[in-house]
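# Topology and contacts: notes
Now for the letters of each chain:
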Amino acid sequence: MLGKTANGLYWMFRYLERAENAARLIETGQRIALTRLGSSDEEWRSILQTGGMADGYDAAHERLTKDAAINWMLRDKDNPASVMSDISAARQNARMVRAALTEEVWEALNGVYMRAQSLTQRKVSERDLPATLGAIRQGTALVRGATHGTMMRNDIYDFARIGTFLERADNTARILDVKYYVLLPSLSAVGSTVDNVQWETILSAVSGRGGFRMEYGPIADPRDISQFLILDKRMPRSLAFCTRKLRDNLGYLASSYGSRMPSMAKVGHLERTYLSHDIDAVFDFGLHEFIQKVLTLLADLGQQIEHDYRFYE
């Protein structure tokens, strides 16, 4: 496969996943604000930081407000990481690799782009925000469904999956990190009602609430939630699940091309060194420190993947 095509597929699906994750992050901010006594606009800084949008926001705005933060994250054209910017970037990459996509995938992606563009032409009111974010998440899900249902299981599919799961792992790690490093107001809140509600919010942000309750019951214990989102290989947004999928699809590429690339070694190191222990070892290491290390390794893996496959023909 030409490196340009592989790169386009990889980034198309990274941007698509990123758009959905940004939409989920906005929903998370809304829910967390409802659980905090005396919440203020300044609390949205933690959400901006989690999405990597804080510096850009500060450069473009004199002060932080809830409405401005939501608008920046959702639809501001000056923010390259906004939901609409991500969807537009995904569509642009899809146009570059149009011949590698099935008609169903292209139509689903074009549909979510046009729907999102229509919904965000004007500033979205707080009343309309849940429906707008829901429509965006539904649209991205349709693209994934068309991909699973119509794409050949070849190197085209592998690059699409690698982009998806690399971005998804990064998002899960960031949402987990925002819990104990940024959101929790003080050590005195650990174990409190506020603390427990925030953990429930984290589960909702990654669509894990139903699966968690089936496995662990109705009580949201922080240790069990961390186990579920970091190490449970059945949870499709956990770090362990995403990393295993990355290893599998990189392995399929190695078989297709007859060459084992350095990215295989990097994903293996991530699995063996950080995702093969129990949750007590993670907490002993420090949850924030663990997540920061995983984020660094994921970024390094992404760079290595691009380097490995950029020149394949």
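Heads up: these notes are all about the structure in this document. This one's a predicted model, so the numbers in the text were calculated from it and none came from an experiment.

Quick look at the overall build of the protein chain now. Scanning the protein chain from N- to C-terminus turns up 15 helices and 0 strands. Dimensions of the protein chain, computed from C-alpha atoms along their principal axes, come out at roughly 55 × 50 × 35 Å. Looking at the 313 residues of the protein chain, the share that counts as buried comes to 56%. Partitioning the intrachain contacts of the protein chain with sequence separation of at least 6 by distance along the chain shows that 68% fall at a separation of at least 24. Per element, the accessible surface of the protein chain, about 14,300 Å² overall, is 50% carbon and sulfur.

Where helix 6 (residues 103–119) meets helix 7 (residues 129–150), the axes come as close as 8 Å, and the angle between the chain directions of the two elements is 175 degrees. On the basis of the axis angle, helix 6 is roughly antiparallel to helix 7. Contacts between helix 6 and helix 7 involve Glu104, Val105, Ala108, Leu109, Val112, Arg115, Ala116 and Leu119 on the former and, on the latter, Thr132, Ala135, Ile136, Gly139, Thr140, Leu142, Val143, Ala146, Thr147 and Thr150. Of the residues in the contact of helix 6 with helix 7, the class split is 11 nonpolar, 5 polar and 2 charged.

Let us look at the packing of aromatic side chains. Under the counting rule described, the total for this entry stands at 10 aromatic pairs. Judged by centre distance (5.4 Å) and plane angle (80 degrees), the rings of Phe159 and Tyr309 are edge-to-face. Here the residue Phe159 occupies a position in helix 8 (residues 155–183), and Tyr309 occupies one in helix 15 (residues 287–309), the gap between them amounting to 150 residues. A single burial state applies to Phe159 and to Tyr309, both of which are buried. Residues Tyr257 and Tyr309 carry aromatic rings whose centres are separated by 6.3 Å and whose planes lie at 40 degrees to one another, so their mutual orientation is tilted. Of this pair, Tyr257 sits in helix 12 (residues 239–257) while Tyr309 sits in helix 15, and the two are 52 residues apart along the sequence. Looking at Tyr309, the relative accessible area reads 3%, which means it is buried. These aromatic residues form a ring-pair network of at least three members: Tyr10, Trp11 and Tyr15. The ring of Tyr157 carries the charged tip of Arg153 above its face, separated from the ring centre by 4.1 Å.

Before going further, it helps to examine the pattern of salt bridges. Counted by the stated rule, this structure contains 19 salt bridges. The residue Lys66 makes a salt bridge to Glu126 at a minimum N-O spacing of 2.8 Å. Here the residue Lys66 occupies a position in helix 4 (residues 66–74), and Glu126 occupies one in the loop between helix 6 and helix 7, the gap between them amounting to 60 residues. Since its relative accessible area comes to 19%, Lys66 is described here as buried.

Glancing now at the environment of Gly286. Among the secondary structure elements, Gly286 is positioned in the loop between helix 14 (279–285) and helix 15. On the basis of relative accessible area, Gly286 is assigned to the buried category, the value being 14%.

Attention shifts here to unusual backbone geometry. With phi around 55 degrees, Ser207 is a residue other than glycine that occupies positive phi space. Mapped onto the elements of the fold, Ser207 is located in the loop between helix 9 (193–205) and helix 10 (209–216). Residue classification places Ser207 among the partly exposed positions, given a relative accessible area of 45%.

Contact pair helix 12 / helix 13 (residues 262–274): the axes reach a minimum separation of 10 Å and the direction vectors enclose 155 degrees. Comparing their axes, helix 13 and helix 12 come out roughly antiparallel. Relative to helix 13, the crossing made by helix 12 is left-handed. Along its contact with helix 12, which presents Thr243, Arg244, Leu246, Arg247, Leu250 and Gly251, the element helix 13 presents Ser263, Met264, Val267, Leu270 and Glu271. Looking at the contact of helix 12 with helix 13, its residues break down into 5 nonpolar, 3 polar and 3 charged.

Attention now moves to the side chain of Asp170. Of note, Asp170 is situated in helix 8. Not counting the four nearest positions on each side in its chain, Asp170 is found in contact with Leu295 and Leu298.

Here Arg272 lies in helix 13. Spatially, the C-alpha atom of Arg272 lies 45 Å from that of Glu62, the residues being 210 residues apart in sequence.

Attention now goes to the side chain of Asn249. Inspection of the secondary structure assignment puts Asn249 in helix 12. When its relative accessible area of 5% is taken as the criterion, Asn249 is described as buried. Side-chain polar atoms of Asn249 contact the backbone oxygen of Lys245, separated by 2.9 Å. Beyond its immediate chain neighbours, meaning those up to four positions away, Asn249 contacts Asp158, Arg161 and Ile162.

Reading the values: rules and limits
- Residues numbered from 1 in each chain as written.
- Predicted model: local features only at pLDDT ≥ 70, side-chain atom pairs only at ≥ 80, totals over all residues.
- Heavy atoms only, no water.
- Helix = DSSP H or I, 4+ residues; strand = E, 2+ residues; numbered from the N terminus.
- Buried < 20%, exposed > 50% of the residue type's maximum accessible area, 1.4 Å probe, protein only.
- Contact = heavy atoms within 4.5 Å.
- Areas by Shrake-Rupley, 256 points an atom, 1.4 Å probe, with all protein chains shown as cover.
- Axes fitted to C-alpha atoms, helices over the stretch in contact; angles between N-to-C directions.
- Parallel < 35°, antiparallel > 145°, perpendicular 65-115°, else oblique.
- Nonpolar A, V, L, I, M, F, W, Y, C, P; charged D, E, K, R; others polar.
- Phe/Tyr/Trp six-rings, centres within 6.5 Å; stacked < 30°, edge-to-face > 60°.
- Lys NZ or Arg CZ within 6 Å of the ring centre and 35° of its normal.
- Salt bridge = Lys/Arg side-chain N within 4 Å of Asp/Glu carboxyl O.
- Left-handed = near helix turned anticlockwise from the far one by under 90°.
- Polar contact = N/O pair within 3.5 Å; in protein donor to acceptor, adjacent residues only side chain to side chain.

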